[in-house]
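# Observations on the model geometry
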Amino acid sequence: MTDLSHTFSAAADKPLLQVKNLTKSYGARIGCADISFDVYPGEVLGIVGESGSGKSTLLSCLAGHMRPDQGEVIFETANGARDTVQMGEAERRRLARTDWAYVHQNPRDGLRMGVSAGGNVGERLMAIGARHYGGIRDKAIDWLGRVEIDAGRVDDRPSAFSGGMQQRLQIARNLVTAPRLVFMDEPTGGLDVSVQARLLDLLRGLVREMGLSAIIVTHDLAVVRLLADRLMVMKGGHVVEAGLTDQVLDDPQHEYTQLLVSSVLQV
Amino acid sequence: MINIENLCKSFTLHNQNAAVIPVMAGANLQVARGECVGLIGASGAGKSTLMRMVWGNYLAASGSIRVGKLDVVTASPRQIIALRRETLGYVSQFLRVVPRVPTLDVVAEPLLNLGVPADTARTRAAELLARLNIPKRLWDLSPTTFSGGEQQRVNIARGFAHPFPALLLDEPTASLDAANREVVLDLILEAKARGAAILGIFHDEGARDRVCDRLIDVRAFTPKAAA
């Protein structure tokens, strides 16, 4: 019979991230309002909603790119749970270099276009103290291989890469330091569908093998169905529905979610 | 193993004049370990709806669905994810996979999700694919390009890769030839023999007679007002 001695224990019982009553306004306009949720280790949370629903504002507040007006973003650091909204800028930047990663929709926002592919991956390693050049280069080449970029391209600049390759390079750059939580803003947006599929498979494998947690903002319902364990639906800055991904998509309860699901074109 | 009590369900269609459609009321059903229960009733009677509520992708309005110790009706998403990983398997009629993933990995995935080492998982996947007569030359290809019957067999291999204590089967023999149908019926009988509780929909009456211990007509659960 199959050996199941490696079955996961219930070690993942403590949330990695707890968001409580997060609110961000732009003057009188609501960015996102009163958002609360937990993310557990190894879990992928999808956030969907139309443009302007507040999903990118929420992601920016979570990742510390924007300061929320109210609320807590409690992350389980190596030294215990900390509210990242209240911590100092230096400490939050340190978190962003180590335990966190952020994959931008446009790879040009997440890469240094004037630095070689290997340099882009190695730079994040150096930022956490790696100094052995040969070791950094080997690790960079290993990660290029994992995201299916030929080792022969290690010295080329990302500007010479296709859009799909740039996105995969951005993922390698982000994951090389083995973060525990990855924020992704439309990671498959703007890519060919054939490249999207490859990226989805890659992300799923990495989530499983590295046990990382991810928060993925997208408007693509097919992407969340294949990638996310849980789903939050946003409209007008509020979460209107949340739950198990296939439950929200197959039996949506809220008026807006029903409209969203029924509006998808069938291929 | 599966214990359904007084289960009710209705759909509210907000974008169609907020129509409320009651689809199930007072459903009761038990499936013991080692038992296979078949759901019968005409199309639209609620067989699939009932299966989906057990799987957890349809929400119940009231009642309880216990699979092992967990009540799916009140469980959190995390508990349902753990239930699906460890306890409850589902062979649906349609294969839904990430495009371009090789068939062998599609079948091995439920084991990989349990932390089984990759070579052990692939060996088990290969055994099942061979048994279900999927030619070896197809194992490295994505099943998205396969024929309907081949896709169904890949789906069955995936569903039987891990010895789940409870299984949901939605027409597992629907588009199979006689030889492959026999293989699938044997797999179901073996799962029963090891103590799995199985709830299934079988339009194939011969298959139903071979594997089902009891049949339940879901029309008994149709709300009176809608009947």
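Given the structure is predicted, the values throughout are model-derived calculations rather than measurements.

### Points about the overall build of chain A
Broken down by element type, chain A carries 10 helices and 10 strands. Counting only C-alpha atoms and orienting by the principal axes, one finds that chain A spans roughly 55 × 50 × 50 Å. Residues classed as buried in chain A amount to 51% of the 267 residues present. In chain A, 67% of the contacts between residues at least 6 apart in sequence involve partners at least 24 apart. Put simply, chain A shows about 12000 Å² of open surface, and 49% of that area lies on carbon and sulfur atoms. Looking at charge distribution, chain A has the averaged site of its 29 positive side-chain charges lying 8 Å from that of its 33 negative ones.

### Quick word on the packing of helix 4 (residues 117-127) of chain A against helix 5 (residues 133-146) of chain A
All names here are of chain A. Direction vectors running N to C along helix 4 and helix 5 enclose 120 degrees, while the axes themselves pass 9 Å from each other. The orientation of helix 4 with respect to helix 5, classified from their angle, is oblique. Two packed elements cross with a definite hand, and for helix 4 against helix 5 that hand is right-handed. Contacts between helix 4 and helix 5 involve Gly-118, Val-121, Gly-122, Leu-125 and Met-126 on the former and, on the latter, Ile-136, Lys-139, Ala-140, Trp-143 and Leu-144.

### Here we look at the interface of chain A and chain B
Listed as interface residues are 34 residues of chain A and, on the opposing side, 37 residues of chain B. Of the roughly 3000 Å² buried between chain A and chain B, counting both surfaces, carbon and sulfur atoms make up 59%. At the junction of chain A and chain B, the tally comes to nine residue pairs in polar contact (both at pLDDT 80 or more). Of all elements in the fold, only helix 7 (193-210), helix 8 (221-227), strand 10 (238-244), helix 9 (245-250) and helix 10 (255-262) of chain A reach the threshold of two or more residues within the side of chain A that touches chain B. Tallying contributions element by element places helix 7 of chain A first for the side of chain A that touches chain B, with eight residues. Classifying every residue of the side of chain A that touches chain B gives 11 nonpolar, nine polar and 14 charged.

### Overview of helix 5 of chain A
Residue and element names in this part refer to chain A. For helix 5, which comprises 14 residues, the first-to-last C-alpha distance of 20 Å matches the rise-based estimate of 20 Å (1.5 Å per residue) to within 8%. Turning to helix 5, its buried residues number three or more, namely Ile-136, Ala-140, Trp-143 and Leu-144. Each buried residue of helix 5 lies within a common arc of 105 degrees when the element is viewed along its axis, so the set occupies one face. Just downstream of helix 5 lies Glu-148, where phi reads positive at about 60 degrees.

### Overview of the sheet that holds strand 9 (residues 214-217) of chain B
Residues and elements named next belong to chain B. As summarised here, the arrangement of the five strands in space is 6-7-8-3-9, forming an open sheet in which the pairing is parallel. On the outer flanks of this sheet lie strand 6 (88-91) and strand 9, each paired with one strand and no other. Across the sheet, the mean angle separating the axes of adjacent strands is 20 degrees when strand polarity is ignored. Across four bridges, the pairing between strand 6 and strand 7 (residues 166-170) is parallel. Each bridged residue has a counterpart across the sheet, and for Leu-88 the counterpart in strand 7 is Ala-166. Packed on one face of the sheet, helix 6 (residues 178-193) meets strand 3 (36-40), strand 7 and strand 8 (197-201) and runs near 150 degrees to strand 8.

### What to know about unusual backbone geometry
For residues that are not glycine, phi is negative in most cases, and the peptide bond is trans in most cases. Although it is not a glycine, Glu-148 of chain A adopts a positive phi angle of roughly 60 degrees. Positionally, Glu-148 of chain A belongs in the loop between helix 5 and helix 6 (163-175). For Glu-148 of chain A, a relative accessible area of 41% translates into the label partly exposed. A positive phi angle is found at Arg-100 of chain B, which is not glycine, with a value near 75 degrees. Here Arg-100 of chain B shows up in the loop between strand 6 and helix 3 (103-113).

### Side note on the packing of helix 4 of chain A against helix 6 of chain A
Residue and element names in this part refer to chain A. Across the interface, helix 4 lies against helix 6 with an axial gap of 7 Å and an inter-helix angle of 25 degrees. As far as their axial angle goes, helix 6 and helix 4 are roughly parallel. In the crossing of helix 4 with helix 6, the sense of the turn from one axis to the other is right-handed. Across the interface between the two elements, Ala-117, Asn-120, Val-121, Glu-123 and Arg-124 from helix 4 touch Leu-169, Ala-172, Arg-173 and Asn-174 from helix 6. The residue makeup of the contact of helix 4 with helix 6, split by class, is four nonpolar, two polar and three charged.

### Observations concerning the confidence of the model for chain A
Model confidence for chain A is summarised by a mean pLDDT of 88, while 94% of its residues fall at 70 or above. Residue range residues 1-11 of chain A is modelled with pLDDT below 50. Its contacts to residues more than four positions away, or to other chains, number 20 contacts.

### Focus on the pairing of strand 8 (residues 213-217) of chain A
Residue and element names in this part refer to chain A. The element strand 8 is extensively covered by neighbouring structure, given that five of its five residues are classed as buried. Residues of strand 8 alternate between two faces, with Ser-213, Ile-215 and Val-217 on one and Ala-214 and Ile-216 on the opposite face, all of them buried. Note: strand 3 (residues 44-48) against strand 8, four bridges, orientation parallel. Counted as the bridge partner of Val-44 is Ala-214 from strand 8. In this structure, strand 7 (residues 181-185) lies alongside strand 8, joined through five bridges in parallel fashion. Following the sheet pairing, Val-182 is matched in strand 8 by Ala-214.

### Let's talk about the confidence of the model for chain B
Do not read the fine detail of predicted coordinates wherever pLDDT is low. Counting all residues, the mean pLDDT for chain B is 93, and 99% of those residues have values of 70 or more. Complex prediction metrics read pTM 0.89 and ipTM 0.89.

### A few points about the sheet that holds strand 2 (residues 29-39) of chain A
All names here are of chain A. The strand order 2-1-4-5 describes an open sheet built from four strands, whose pairing is antiparallel. Lying at the two open borders of the sheet, with one neighbouring strand each, are strand 2 and strand 5 (80-83). Sheet twist, expressed as the average angle between the axes of neighbouring strands with direction ignored, equals 20 degrees. Looking at chain direction, strand 1 (residues 17-26) and strand 4 (residues 70-77) are connected through five bridges and run antiparallel. Of the residues in strand 4, the one forming a bridge with Gln-18 is Ile-74. Its contacts with the sheet put helix 1 (residues 55-62) on strand 1, strand 2 and strand 4, and the angle it makes with strand 1 is roughly 120 degrees.

Scoring rules and cut-offs
For every chain, the first residue of its written sequence is number 1, and the numbers climb from 1 along that sequence. Whichever chain is written first becomes A and whichever ligand is written first becomes 1, with later ones labelled in order. Per-residue local features are limited, in this predicted model, to residues with pLDDT of at least 70; the limit for side-chain atom pairs, both in listing and counting, is 80 or more; totals at the level of whole chains, interfaces and linings are taken over all residues. Based on all heavy atoms of the structure, the side-chain values leave hydrogens and waters out of the count. Secondary structure elements follow DSSP: runs of H or I of four or more residues count as helices, runs of E of two or more count as strands, with numbering from the N terminus. Accessibility here uses a 1.4 Å probe with only protein chains present; expressed as a share of the type maximum, an area under 20% marks a residue as buried, one over 50% as exposed, and anything in between as partly exposed. Residues are treated as being in contact if the distance between any of their heavy atoms lies within 4.5 Å. Per-residue accessibility takes into account occlusion by the displayed protein chains alone, with areas from the Shrake-Rupley method and a 1.4 Å probe. Here the positive residues are Lys and Arg and the negative ones are Asp and Glu; neither His nor the chain ends is included. Lys charges are placed at NZ, Arg charges at CZ, Asp charges at CG and Glu charges at CD. Axis lines are fitted through C-alpha atoms, for helices just across the contact stretch, and the angle between N-to-C directions can take any value from 0 to 180 degrees. Relative orientations are named as follows: roughly parallel for angles under 35 degrees, roughly antiparallel for angles over 145 degrees, roughly perpendicular for angles from 65 to 115 degrees, and oblique for any other angle. Working rule for handedness: look at the near helix, and if it is turned counterclockwise from the far one by less than a right angle, call the crossing left-handed; if clockwise, right-handed. Using a 1.4 Å probe, buried area is obtained as the accessible area two parts lose upon being combined, added over both of them. Any N or O atom pair separated by 3.5 Å or less is treated as a polar contact, with the protein-specific requirement of one donor-capable and one acceptor-capable atom, and with residues adjacent in sequence counted only for side-chain atom pairs. Each residue is assigned to one class: nonpolar for Ala, Val, Leu, Ile, Met, Phe, Trp, Tyr, Cys and Pro, charged for Asp, Glu, Lys and Arg, and polar for all the others, Gly among them. Any helix carries an expected span of 1.5 Å times its number of residues minus one. An arc is given here, and it is the one of the directions from the helix axis to the C-beta atoms. When DSSP finds two or more bridges between two strands, those strands count as paired. Within a predicted model, pLDDT stands for the predictor's per-residue confidence, ranging from 0 to 100.

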